Structures are given as C-alpha cells and as structure tokens.
Amino acid sequence: MYVLLVDDEALARNELKYLLKQCEGVASIMEASTVQEALEILLTTTIDLAFLDIQLTNESGLDLADKIKQMPHPPFIVFATAYDEYAIEAFEKNARDYILKPFELERVQEAVDRVRQSGQSQHLSFVTKEQSQAKQNLPIQDEDRIIMVNMADILALEASKGITKIYTKDKTYHTQSSLTYWQQKLDDESFMRVHRSFIVKIDAIHEIQPWFNHTYQLTITNQLKIPVSRSYIKSFRERLGL
C-alpha cells in the first residue's frame, strides 16, 4: 500500500513512519504537515491509506477527512492522534481505525491489516441492502470506551433521564447521545419511533397487546416491554398494516 502521513509534528511523523516501515503490506510512505500539502499529494499521487492527525496547526484532520470523502477514489482513513474524545466523529467520517499516541507497532500493524482487508473486499460492490445493513457497525460511546455495535444486533432504544439505552441481543449500552441523534443514524426501513422515549426494530417485535386509551404495548424478542404512545399509534398501525 501507498501511505500518506498527515501531522504537523515532525517527531510524530517520524515515529509513525518508523513503525510503518516495519509493517507488512506498506510499500511507500509520504508525508504532509498541512491540509494543503496533503491535498496536493492526494490529487497527484495514488494513495491507498492516509493516517490523519486530528489537531493540526490552525487546521483539523476531521475537515481534511471531509475533503477526502469527496474525491472520486478516496484512500482509506485512519486517525492517528493524541486525543480520544474525537473517536465517534472520526468513525462517522468512515475512518477504518483510530489509534492513539504514543504509537505501538502491534497497533499500527492492526490498523494496516484492517485497511488491507477492506481493500481486498472492495470488488464485492454488488451487495443487497440487507447485507449492507447487516455489516454496518455504529460507534457507541459507552462510559469510557468506544464500542462498535452491529446495527443488525440492535433491538430497541430508550431515552431516560438524559441517557439513551441501546438494547441489543446480548447487552444494554448507555450513551449520552439523544434518541433523535440515533433515529437519524438508524435505517428507517428497519426501525421506527413508537414513543417519545422509544425506538424499536420492527423485526424484533414479538407480541402486540392492546393497552390503555386505544394504544399498544409491545414485547420484543428480549422480553422488553415498549409502549406505543397515542402520538405514534396511527403511523404504527399503518406501518404494520393493523
């Protein structure tokens, strides 16, 4: 692979370059200290993988990632930074990995391998929508960790006291991101909002019971009970053909 390092600190570039030279699969390494330098290289040279620092001098690697995404044949992106608080935003920009300074050879090789695997599978471009959704991972800030959760595993979400609970087949995650935020992230053909505090996966509904004031109570596959409020009852009935 042809790799580009974007970091305004020469020592950080040298450290990462030293480790990348030891990584299997890396053929060439170029460097840039600014967004402009990086764009000039990207527009004139074939680059397979770009390692981006987040905080550049008066610039942002996140902004550069947005510009890269607009290219006809963009390289894969791995963020390499000293700041862990940007991980969610980084993955939202289609980053393949997020590594923290000080770098370690094993972790850098892992990032390279992840990109190599992605590159090898790119020829499988004709996949069904269901297959695409099943493979989509969403980054969830769960306390002090970033958890990558497969969208296909999410059964329901609940907003309660400023916290959003994300129920999966095996575990419940807690995040401070709002229910509206997650509603925008989830596939609207598979999920629907049924209450101001609940989003449910349609295929996860196991049982529908009549409830108070001509509403419903849902039981999903993990036995969680979810109310359908009067505000959403019409759209719910239409969606399920009731």
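Residues numbered from 1 in each chain as written. Predicted model: local features only at pLDDT ≥ 70, side-chain atom pairs only at ≥ 80, totals over all residues. Heavy atoms only, no water.

A. Up close: the overall build of the protein chain. Helix and strand content of the protein chain: eight helices and 17 strands. With the principal axes as the frame, the protein chain shows a C-alpha extent of 65 × 40 × 30 Å. By the burial criterion, 44% of the 242 residues in the protein chain qualify as buried. Taking the contacts inside the protein chain whose residues are at least 6 apart along the sequence as the reference set, 51% of them involve residues at least 24 apart. Carbon and sulfur atoms make up 47% of the accessible area of the protein chain, which amounts to about 13800 Å² in all. Computed over 27 positive and 35 negative side-chain charges, the inter-centroid distance for the protein chain is 9 Å. (Helix = DSSP H or I, 4+ residues; strand = E, 2+ residues; numbered from the N terminus. Buried < 20%, exposed > 50% of the residue type's maximum accessible area, 1.4 Å probe, protein only. Contact = heavy atoms within 4.5 Å. Areas by Shrake-Rupley, 256 points an atom, 1.4 Å probe, with all protein chains shown as cover. Lys, Arg positive; Asp, Glu negative; His and termini not counted. Charge placed at Lys NZ, Arg CZ, Asp CG, Glu CD.)

B. Fine view of the sheet that holds strand S17 (residues 225-228). A sheet is described by the order of its strands in space; here three strands give the open sequence S15-S16-S17, paired in antiparallel fashion. Two strands close off the open sheet at either side, each with one partner strand: strand S15 (205-210) and S17. Strand after strand, the sheet turns through a mean of 25 degrees between neighbouring axes, direction not considered. Sheet topology note: the strand S16 (residues 216-220)/S17 ladder contains four bridges and is antiparallel. The residue of S17 that forms the bridge with Thr-219 is Lys-225. (Pairing = 2+ DSSP bridges. Axes fitted to C-alpha atoms, helices over the stretch in contact; angles between N-to-C directions.)

C. The arrangement of the pairing of strand S2 (residues 28-32) in detail. Two strands pair when backbone bridges link them, and strand S1 (residues 2-6) and S2 are joined in this way by five bridges, in the parallel orientation. Paired with Leu-4 across the bridge in S2 is Met-30. Handedness of the crossover is the feature at issue here: the chain leaves S1, passes through helix H1 (residues 10-20), returns alongside S2, and the resulting connection is right-handed. (Right-handed = clockwise from strand over helix to strand, strands pointing away.)

D. Region of the structure containing unusual backbone geometry. Between Lys-101 and the following residue, Pro-102, the backbone shows a cis peptide bond with an omega angle of -5 degrees. With respect to the helices, strands and loops of the structure, Pro-102 is situated in the loop between strand S7 (97-100) and helix H5 (105-120). One non-glycine residue, Asn-58, lies in positive phi territory at about 60 degrees. In this structure, Asn-58 sits in the loop between strand S4 (55-56) and strand S5 (59-60).

E. Region of interest: the nonpolar core. The biggest cluster of nonpolar side chains holds 25 residues, and the ones touching the most others in it are Leu-4, Val-6, Leu-52, Leu-64, Ile-77, Phe-79 and Tyr-98. For this core, the secondary-structure elements that each account for two or more residues are S1, helix H2 (35-44), strand S3 (49-52), helix H3 (61-69), strand S6 (76-81) and helix H4 (87-92). With five residues, H2 is the largest single contributor of residues to this core. Sequence-distant contacts of Val-6, defined by excluding residues within four places in its chain, comprise Ala-32, Thr-34, Ala-38, Phe-51, Leu-52, Asp-53, Leu-56 and Leu-64. Ranked by size, the runner-up nonpolar core spans 20 residues in total, among them Leu-19, Leu-49, Val-78 and Ile-99. (Core = buried A, V, L, I, M, F, W, Y, C linked by side-chain atoms within 4.5 Å.)

F. Structural detail: the sheet that holds strand S12 (residues 172-175). Taken in spatial order, the five strands line up as S12-S11-S10-S14-S13 in an open sheet, and their pairing is antiparallel. Among the strands making up the open sheet, the edge pair consists of S12 and strand S13 (191-195). Adjacent strand axes in the sheet meet at a mean angle of 20 degrees, parallel and antiparallel pairs treated alike. Bridge count for strand S10 (residues 154-160) against strand S11 (residues 163-168) is six bridges, and the pairing is antiparallel. Across the sheet, Ala-159 pairs through a bridge with Thr-164, a residue of S11.

G. Region of the structure containing the environment of Asp-170. Position of Asp-170 among the secondary structure elements: in the loop between S11 and S12. For Asp-170, a relative accessible area of 77% gives the class exposed. With 116 residues separating them in the primary sequence, Asp-170 and Ile-54 have C-alpha atoms 34 Å apart.

H. Broad picture of H3. Residues Gly-61, Leu-62, Leu-64, Ala-65 and Ile-68 constitute the buried set of H3. On an axial view of H3, the arc spanned by its buried residues comes to 155 degrees, and they lie on one face. Its side-chain oxygen 3.0 Å from the backbone nitrogen of Leu-62, Ser-60 forms the N-cap of H3. (Arc of directions from axis to C-beta. Polar contact = N/O pair within 3.5 Å; in protein donor to acceptor, adjacent residues only side chain to side chain.)

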